[in-house]
Amino acid sequence: MDILYLGVVLLFLALSWGLVTFCDIYKNNRRRS
Amino acid sequence: MTPNGYLQIGLYLIVLIALVKPLGWYMARVYEGNSFGLDRGLGPFERLLYRLCGVRSDEEMNWKTYALVMLLFNFAGLIVVYALQRLQHFLPLNPQGFGAVTPDSAFNTAISFASNTNWQGYGGETTMSYLTQMLALTVQNFVSAAAGMATLVALIRGLARRTAQTIGNFWVDLTRTTLYILLPLAIVLALIQVSQGVIQNFNAYQNVPLLQPTVDSNGNAVTEQLLPMGPAASQVAIKQLGTNGGGFFNANSAHPFENSTPLANFFELLAILLIPAALCYTFGKMVGDTRQGWAVLAVMTIIFVALLALCVGAEQNGNPNFTKLGIDQSASSLQSGGNMEGKEVRFGIANSALWATATTAASNGSVNSMHDSYTPLGGLVPMWLMQLGEVIYGGVGSGLYGMLVFAIIAVFVAGLMVGRTPEYLGKKIEAYEMKMASLVILIPPIVVLGFTALAVVTDAGKATIYNPGVHGFSEVLYAFSSQGNNNGSAFAGLGANNPFYNLTGGLAMLFARYWLAIPTLAIAGSLARKKIVPTGPGPLPTHNALFIVLLIGVVIIVGALTFIPALALGPIVEQLMAHGA
């Protein structure tokens, strides 16, 4: 069970990393265009 | 409301507002790196910490690095809290010999404390060792609060700087917040609490003879009571100052060992709103126009006082069902009157309702009365304050950065309504900022309403709703409003310490905390790069009465439009039933 909950946390961390990257890329693309 | 109630609430508000400027000025000095006294004594220690941790304090971060470091730091803390709970039976300072916390409860609690929510599905005195309470929970009370304040300071720098690529150094902001703001205030408050009788020890729980022996349900004589012990005062101080709210004991600040006297209650209440309110002045000071900070504080205070009056009024009016039973609910010199179910006699109506309003206006969540026993209208107030996004003072840091996002939306709305140039503090508000702001206001309602809907349609969710019907729905809505806005208070009545609620609640807290901080930091980064446009006739002034009214309108309308339909299924219909039946 510990691994399961750790997996949930890591998945959320990965999604958050994705959100940060998305916000950054989105901003930079807008500036270039 | 009684004259005594007016006096106590008035005194509270006067002391709170009087402390805004000195504390706000001090915090601005801390964040701007100016001399403020304490740095002379603790400066070498601060620099030693940086050296030990390999932090280069003179290197600043762009918003993306700032956000990633904040995320990683919080997740490291989350893992430590989880591990300490799961391993506490092998570790010292566990005189009661508590076993490991169950995985689902440890998961929920770890997220809860790392995210500054402090939702507690467990009872502290029956679950957690002293080591877990101190090393896991109290430490997170400090650093999660500091992380929220660091995020706010980054946003303020974004507003104050011109054509900058960086918004500060997360490690420096975290360290300075903890060392110079939270620790000194917490030490002072803990000492005050100890002087009032809040306990601070490592003793095993104590059996004491009852003054009035009684009998249990089987008719056996009960002559002794087991009293829990522990280092409560040190946790109580930071739980209030950091708007964390997690109680050492299950009854939280209704427990006499956690909130012992009316004076202790006053200081705890003051600590709940002290830093969030003072940060408004810090904001004004850092952007070079203190009127901006006062305007935001005015918005918060107006909404707070209006909802406080509603809550106190509803509770003082009493419960119509009690009236039918012939119970005297009138105020007199011998009793505070009103609906006293679930409230401490020593606090009465005014101090209970004031606490309930303050603790949910801030994302604190500690309680000194049981919110589930409030009248439907009285219970609606704390619930709605959370649903407004925890921006009425709000959590330390998170409340003000939430309100500043609302301010950005307000100037955009003004642009749409009357053709004003959408600018805030000389920074143009463009599509990118609005899209990030939209994320900030959309994520909490999606989380709250989505998980509430899931809980009331699935067997796993319905299994532990012990109150059927309208009130049961209110309890579920309250639970997810609390976790989905990082508050942490509970309506109770709902069995929430099970895998379904621990998992869904944990996810709600994660999204509510970090998926709001990320777009906020993105706004900070974007604004920092922009020039500051000289003030002209185009933009709406953001320090006057018109803007205050507009900002109040935006906060209320967004909150109302999003949650009134759900509230209509819970406390509103409950109020109508109570008075119509």
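Structure: above.
This is a predicted model, so every value here is computed, not measured. (Residues numbered from 1 in each chain as written. Chains lettered and ligands numbered in written order. Predicted model: local features only at pLDDT ≥ 70, side-chain atom pairs only at ≥ 80, totals over all residues. Heavy atoms only, no water.)

Engineer: For this particular structure, what's the right way to read the overall build of chain A?
Structural biologist: Across its full length, chain A holds one helix and zero strands. Residues counted as buried form 33% of the 33 residues belonging to chain A. Surface accessibility of chain A: about 2,200 Å² in total, with carbon and sulfur atoms responsible for 69%. (Helix = DSSP H or I, 4+ residues; strand = E, 2+ residues; numbered from the N terminus. Buried < 20%, exposed > 50% of the residue type's maximum accessible area, 1.4 Å probe, protein only. Areas by Shrake-Rupley, 256 points an atom, 1.4 Å probe, with all protein chains shown as cover.)

Engineer: When you look at the packing of helix α7 (residues 170-195) of chain B against helix α9 (residues 262-286) of chain B in this model, what are you seeing that I'm missing?
Structural biologist: The packing of two helices is summarised by the inter-axis angle and the distance between the axes. All names here are of chain B. Between α7 and α9, the shortest axis-to-axis distance is 10 Å and the interhelical angle comes to 165 degrees. Comparing the axis directions of α7 and α9 gives the class roughly antiparallel. Considering only the axes of α7 and α9, their crossing is left-handed. Residue-level inspection shows Ile181, Leu182, Leu185, Leu189, Ile192 and Gln193 of α7 in contact with α9, the latter providing Ala264, Phe267, Glu268, Ala271 and Ile275. Residues that form the contact of α7 with α9 fall into these classes: nine nonpolar, one polar and one charged. (Axes fitted to C-alpha atoms, helices over the stretch in contact; angles between N-to-C directions. Parallel < 35°, antiparallel > 145°, perpendicular 65-115°, else oblique. Left-handed = near helix turned anticlockwise from the far one by under 90°. Contact = heavy atoms within 4.5 Å. Nonpolar A, V, L, I, M, F, W, Y, C, P; charged D, E, K, R; others polar.)

Engineer: Got a minute to help me understand a nonpolar patch on the surface in this structure?
Structural biologist: A surface patch of nonpolar side chains, about 370 Å² in accessible area, is lined by Ile3, Leu6 and Leu10 of chain A together with Ile79 of chain B. For the nonpolar patch, the leading source of residues is helix α1 (residues 2-32) of chain A, giving three residues. Along the polypeptide, Ile79 of chain B turns up in helix α3 (residues 63-86). (Patch = residues over 30% accessible without salt bridge, like charges linked within 9 Å, V, L, I, M, F, W, Y side chains within 5 Å. Salt bridge = Lys/Arg side-chain N within 4 Å of Asp/Glu carboxyl O.)

Engineer: When you look at the interface of chain A and chain B in this model, what are you seeing that I'm missing?
Structural biologist: Accessible area lost on assembly of the parts is the figure often given for the size of an interface. Contacts between the two partners involve 20 residues from chain A and, on the opposite side, 32 residues from chain B. For the pair chain A and chain B, the summed buried area comes to about 2,500 Å², and 78% of that belongs to carbon and sulfur atoms. When the shortest N-O distance is used, the salt bridge between Asp24 of chain A and Lys64 of chain B registers 3.6 Å. Of the residues in the side of chain A that touches chain B, the class split is 13 nonpolar, two polar and five charged. (Buried area = accessible area lost by both parts, 1.4 Å probe.)

Engineer: Honestly, empty space enclosed by the protein in this entry has me stumped. Any pointers?
Structural biologist: Over the atoms, a rolling probe the size of a water molecule traces out where space has been left empty. Residue and element names in this part refer to chain B. Throughout the structure, instances matching the rule amount to three cavities of 30 Å³ or more. Here the largest cavity is characterised by a volume of approximately 300 Å³. Counting only elements with at least two residues in the lining of the largest cavity, the list comes to α14 (398-418), α15 (431-457), α18 (499-529) and α19 (545-580). Of the residues in the lining of the largest cavity, the class split is 13 nonpolar, ten polar and two charged. Considering only enclosed or pocket space, the second largest cavity measures out at about 40 Å³ in volume. Contributions of two or more residues to the lining of the second largest cavity are made by α3, α6 (130-160) and α18. A per-class count over the lining of the second largest cavity returns five nonpolar, three polar and one charged. (1 Å grid on protein atoms, 1.4 Å probe; cavity = no way out; pocket = protein on both sides within 12 Å on 5 of 7 lines; lining within 4 Å. Points joined across faces, edges and corners; volume = space filled by probe spheres on them.)

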